[in-house]
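The primary structure of each chain is shown beneath.
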2 protein chains.
Amino acid sequence: MTNVPAAESGVAISPSEVGAIASEVQQLIKAGDHDTAWERLSFLHPADMGAILLAMPRHSRDALLQVMSPDTVAWMLHQMNPLQASRVAARLGSRMISGVLDQVHPRVALNALMRLRPNQAREVAESLEQAIPDTDIFAHPAGTAGALMARAFPVANINGTVSDAQNGLRDLADSHYEFNRVYLVDDQGQLEGQATVVNLALQPPQTPLRTIAEPVVATVGVDTPAAECARLRRHYGVVQLPVVSDGELTGVIPLEFLLSAVVEEDTRQMLNVGGVAGDSREHTLVSAIKTRLPWLTVNLGTTFLAAAAISLFESTLVQVVILAAFLPVVAGQGGIGGTQTLTMIVRSLALGEFIGVSAFRLLAREALLGLLHGVWFGLLVGVIGLLWTRNPRLEMVLPLAMVGNMVIAGVSGASVPLFLRRIGVDPAVASAVVVTTFTDVFGFLLFLGIATAMLGLLT
Amino acid sequence: MTNVPAAESGVAISPSEVGAIASEVQQLIKAGDHDTAWERLSFLHPADMGAILLAMPRHSRDALLQVMSPDTVAWMLHQMNPLQASRVAARLGSRMISGVLDQVHPRVALNALMRLRPNQAREVAESLEQAIPDTDIFAHPAGTAGALMARAFPVANINGTVSDAQNGLRDLADSHYEFNRVYLVDDQGQLEGQATVVNLALQPPQTPLRTIAEPVVATVGVDTPAAECARLRRHYGVVQLPVVSDGELTGVIPLEFLLSAVVEEDTRQMLNVGGVAGDSREHTLVSAIKTRLPWLTVNLGTTFLAAAAISLFESTLVQVVILAAFLPVVAGQGGIGGTQTLTMIVRSLALGEFIGVSAFRLLAREALLGLLHGVWFGLLVGVIGLLWTRNPRLEMVLPLAMVGNMVIAGVSGASVPLFLRRIGVDPAVASAVVVTTFTDVFGFLLFLGIATAMLGLLT
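Residues numbered from 1 in each chain as written. Chains lettered and ligands numbered in written order. Predicted model: local features only at pLDDT ≥ 70, side-chain atom pairs only at ≥ 80, totals over all residues. Heavy atoms only, no water.

Concerning the side chain of Ser94(B)
All names here are of chain B.
1) Next: Assignment of secondary structure puts Ser-94 in helix 7 (residues 94–101).
2) Next: Residue classification places Ser-94 among the buried residues on the basis of a relative accessible area of 16%.
3) Next: In this structure Ser-94 touches Gln-120, Glu-123 and Val-124, once residues within four positions along its chain are discounted. (Helix = DSSP H or I, 4+ residues; strand = E, 2+ residues; numbered from the N terminus. Buried < 20%, exposed > 50% of the residue type's maximum accessible area, 1.4 Å probe, protein only. Contact = heavy atoms within 4.5 Å.)

In structure tokens form, the structure reads like this:
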């Protein structure tokens, strides 16, 4: 028995409504009432169906998939945004996807395949019994323009008329990608310009295409990294990106794929800063450990550097043991100050906002900010510490170390990401650990060094 | 003397080429050769012109703006993506913008105004001498759908034909927003559906619109937060968002504005995690301090909590002072473990991937990951510590504390963001400080607590 979506389906609802339906559906499946469970789902937008499937435990999900038609599963994957579709597909597993796509029209199967990550798409495509058109698109590695592009796209000869371009668009009407540009090529297939679909809807059919041709702002090659495609999308506001080899148009990255590349870029930066790039809630424990362990190991090394810095001053600590309690104050405040600065810089770099001219001004700004913060918090901790320890001479040490460490935080927070980028290391991945190592180690050295120098006065 | 862009302008170039041209232009301006400087710029895409203006020191920028025509400045702002345009406009200053927009066609001025942040747009609009149509759009507060929407959009009666919808589109041809949907309303102006421009380009003019009408997936109200618009864009893949009040269509958020809202949302999360939300390289020192100080102050409070935890064990530290050196190891490793977990959760929440069903599974997963990491790093620090201190009994303390703190890191990293969201606090803003407070304070309590309990054995 198979089911297809209800006619009323597809309207947006709130995340809490999605959550409520998810719970309800899971109850129904537990009770064995699979048909009613599907009926509740069938009214939803495919994006919400996918989100619910994603959130379900495996056995409930499998039970639900049994009552959906293969066409519905393929349609759902194709309607979702590529990022979410690839996550749902990863959950479903390649074998389940193959089973589904072998039972649908090859064109539908291709559309669904295009939503998977290139690695999984290739795996699924190879295991299919039916032949799928254009599977050579999976020949391009993940993270390149080639893996994002559609091979079928609207095209017309620039010497033709609006009517010719409309025909080019009509040929693509079943591809289910929305194209808002028709590409104009010369007799040799070289890309010469583009026509907007808006213009095609407004101009009389006999209008020569040359009169409405617009220049193409940006093109990429099949090997261009997805990150660069994302930058072009964001910086120049392009809504599609033609892929060209030897001047000849070989593919077009549709808007949805371009936007997925942008979202992946943006959030990858955030995951990189947190040291969890590539991890996701769906991953197995083993792959989560693989992703996180290198970072945690590097961090362990840096904490031992900090430990070594402290151990240099063992004899000072024996004499004034309360100093140990203030260690996290110096290091913690420096660490957060440095992280604030580097987060801003990493984001600027990620958004491509950086142009060489202003690097020095930036460093000076952050050093000054660090100094101002250091003086302010130095005064504050001086007063708090004095109330706590009632030792005025001890309470000279903490403010001085605070000023020094906040300046170090500002300067390292600004210069480390810029330096890492210059030597070809992704600043998002490595900046945080380098900056906090600076602030920890120099913070401890400053604090305990000043304390040792003043030891005669302190004891 | 004024200048307009060269005919060949507008093709994408690499960021390093932009950087090179920026340096060259600045040299030319220093040498007083403003015309050649402008000539170099005039071949660029408006997005690159804006980026170069943004990177320049004030006096060079002002000199350059003097040789650009007001029409060019207005055109540049309008062609840039809204985020970047608002940043350039903030740099130029409201007075400069007013001066420019008073000299261009009201429609051009409106288009440029729409690219500014609502606050600045209102300020500029009020200071203009010429009357601008539709300035009531600036009545809506920043961060709402009302502030993002265009008041002029293509619309047709659903009882009409394709030809009527084409007329609706034609009326908007000078608005410079690209609309890829014509909205279909009934006789009372209630939104009934939409037609894609692709369909309007392909169907014969006499086709009744009802036959090509498609349902509208999502609508919002003028007060809907931009963050919710961003979620709808991302989750449902909508390319425009109709704004409705009392069922009547009052505006449409064009794609570029929707995408700017998404980018702002995504990167705001990252800035929030870093505690620098709202800061930017362009801000004055005072506003940077205003943005960062609250966070630094909260952090200072938590470091004193950690200091208090350590000071509880002063007598233990006096006896075994080397324990102080290992404090950053326990706290640092717990902190980074907790941050990894919370970064992943905050990103999931930001992308709207979260549905209640899986919260428990998630907690269990992160606790287990913490346990595994704790055992592994516990063994590692045990061995390293043993080689360092040659005190086997001391080196029982660090591994035990490590296991405990990594579990605390996993559990708090997963539960704190979920809990904060439930009580209505933005998890991106507050999670990191709460989680690192947990891992610092409990890490120190565990480590020094275990050490104190074992003190008889240690000394």
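Considering the pairing of strand 5 (residues 248–253) of chain A
Residue and element names in this part refer to chain A.
1) Next: Where strand 4 (residues 241–245) lies against strand 5, 5 bridges are found, and the strand directions are antiparallel. Looking at strand 5, one finds that Pro-242 is bridged to Val-252.
2) Next: The turn linking strand 4 back onto strand 5 is made up of 2 residues, and Asp-246 within it adopts a positive phi angle of 55°. (Pairing = 2+ DSSP bridges.)

Observations regarding helix 9 (residues 118–127) of chain A
Residue and element names in this part refer to chain A.
1) Next: Of all the residues in helix 9, the buried ones are Pro-118, Gln-120, Ala-121, Val-124 and Ala-125. Buried residues of helix 9 fall within an arc of 160° about the axis and therefore sit on the same side. Across from the buried face of helix 9, at angles greater than 90 degrees, the exposed residues are Asn-119 and Glu-126.
2) Next: For helix 9, the secondary structure elements touched by its buried residues are helix 6 (82–92), helix 7 (94–101), helix 8 (106–113) and helix 10 (145–148). (Arc of directions from axis to C-beta.)

As for unusual backbone geometry
1) Next: With a phi angle near 55°, Asp246(A) is a residue other than glycine that sits in the positive phi range.
2) Next: Relative to the helices and strands, Asp246(A) is located in the loop between strand 4 and strand 5.

A word on the sheet that holds strand 2 (residues 181–185) of chain B
All names here are of chain B.
1) Next: Read from one edge of the open sheet, 3 strands run 1-2-3, paired in mixed fashion. Looking at which strands have only one partner, the edges of the open sheet turn out to be strand 1 (155–157) and strand 3 (191–196). If you compare each strand with its neighbour and ignore which way they point, the axes differ by 35° on average.
2) Next: In terms of strand pairing, strand 1 meets strand 2 through 3 bridges, oriented parallel. When the bridges of strand 2 are listed, Ala-156 appears paired with Leu-184. (Axes fitted to C-alpha atoms, helices over the stretch in contact; angles between N-to-C directions.)

A word on the packing of helix 3 (residues 46–55) of chain A against helix 5 (residues 70–79) of chain A
All names here are of chain A.
1) Next: Between helix 3 and helix 5, the least distance of the axes is 8 Å, while the angle of their chain directions is 105°. Comparing their axes, helix 5 and helix 3 come out roughly perpendicular. Between helix 3 and helix 5, the residues in contact are Pro-46, Met-49, Gly-50 and Leu-53 and Trp-75, Met-76 and Gln-79, respectively.
2) Next: Partitioned by chemical class, the residues of the contact of helix 3 with helix 5 number 5 nonpolar, 2 polar and no charged. (Parallel < 35°, antiparallel > 145°, perpendicular 65-115°, else oblique. Nonpolar A, V, L, I, M, F, W, Y, C, P; charged D, E, K, R; others polar.)

Quick notes on the interface of chain B and chain A
For interface size, the figure often reported is the accessible area lost on association.
1) Next: In this complex, chain B contributes 124 residues to the contact, which on the side of chain A involves 126 residues.
2) Next: Where chain B abuts chain A, roughly 10700 Å² becomes buried across the two surfaces, and 67% of that area is made up of carbon and sulfur atoms.
3) Next: Our count for the chain B to chain A interface comes out at 4 salt bridges.
4) Next: Between Glu178(B) and Arg181(A) there is a salt bridge, and its shortest N-O distance comes to 2.7 Å.
5) Next: Taken together, the links from chain B to chain A amount to 26 residue pairs in polar contact (both at pLDDT 80 or more).
6) Next: Within the side of chain B that touches chain A, the residues separate by chemical class into 73 nonpolar, 31 polar and 20 charged. (Buried area = accessible area lost by both parts, 1.4 Å probe. Salt bridge = Lys/Arg side-chain N within 4 Å of Asp/Glu carboxyl O. Polar contact = N/O pair within 3.5 Å; in protein donor to acceptor, adjacent residues only side chain to side chain.)

Points about the relation of the copies chain B and chain A
1) Next: Least-squares fitting of chain B to chain A yields an RMSD of 0.2 Å, with the transformation described by 0.0 Å of translation along the axis and a rotation of 180°. What we have between these two chains is a two-fold relation. No C-alpha of chain B approaches the rotation axis more nearly than that of Ala201(B), which lies at 1.9 Å.
2) Next: Interface overlap between copies: 100% of the residues of chain B at the interface are likewise at the interface in chain A, consistent with a symmetric, same-surface contact. (Least-squares fit on C-alpha atoms with pLDDT ≥ 70 in both.)

A look at the sheet that holds strand 2 (residues 181–185) of chain A
Residue and element names in this part refer to chain A.
1) Next: The 3 strands are arranged 1-2-3 in an open sheet whose pairing can be described as mixed. Both outer strands of the open sheet, strand 1 (155–157) and strand 3 (191–196), are each paired with one neighbouring strand and no more. Adjacent strand axes in the sheet meet at a mean angle of 35°, parallel and antiparallel pairs treated alike.
2) Next: Bridge count between strand 2 and strand 3: 5 bridges; the pairing is antiparallel. When the sheet's bridge partners are listed, Val-182 is paired in strand 3 with Ala-195.

Details of the packing of aromatic side chains
Any aromatic ring pair is given by two values, namely how distant the centres are and how the planes are angled relative to each other.
1) Next: Applying the stated rule across the entire model yields 8 aromatic pairs over all chains.
2) Next: Residues Phe304(A) and Trp388(B) carry aromatic rings whose centres are separated by 6.2 Å and whose planes lie at 45° to one another, so their mutual orientation is tilted. A residue pair is termed interchain when its members come from two chains, as with Phe304(A) in helix 15 (residues 285–311) and Trp388(B) in helix 18 (residues 359–389).
3) Next: The class of Phe304(A) is buried, set by a relative accessible area of 10%.
4) Next: An angle of 65° between the planes, with centres 5.4 Å apart, marks the rings of Phe326(B) and Trp388(B) as edge-to-face. (Phe/Tyr/Trp six-rings, centres within 6.5 Å; stacked < 30°, edge-to-face > 60°.)

Considerations on the packing of helix 18 (residues 359–389) of chain A against helix 19 (residues 394–422) of chain A
All names here are of chain A.
1) Next: Contact geometry of helix 18 with helix 19 gives a least axis separation of 7 Å together with a crossing angle of 155°. Considering the angle they form, helix 18 stands roughly antiparallel to helix 19. Seen from above, helix 18 lies across helix 19 with right-handed handedness.
2) Next: Broken down by class, the residue content of the contact of helix 18 with helix 19 amounts to 19 nonpolar, 9 polar and 2 charged. (Left-handed = near helix turned anticlockwise from the far one by under 90°.)

These figures come from the coordinates and say nothing about function on their own.
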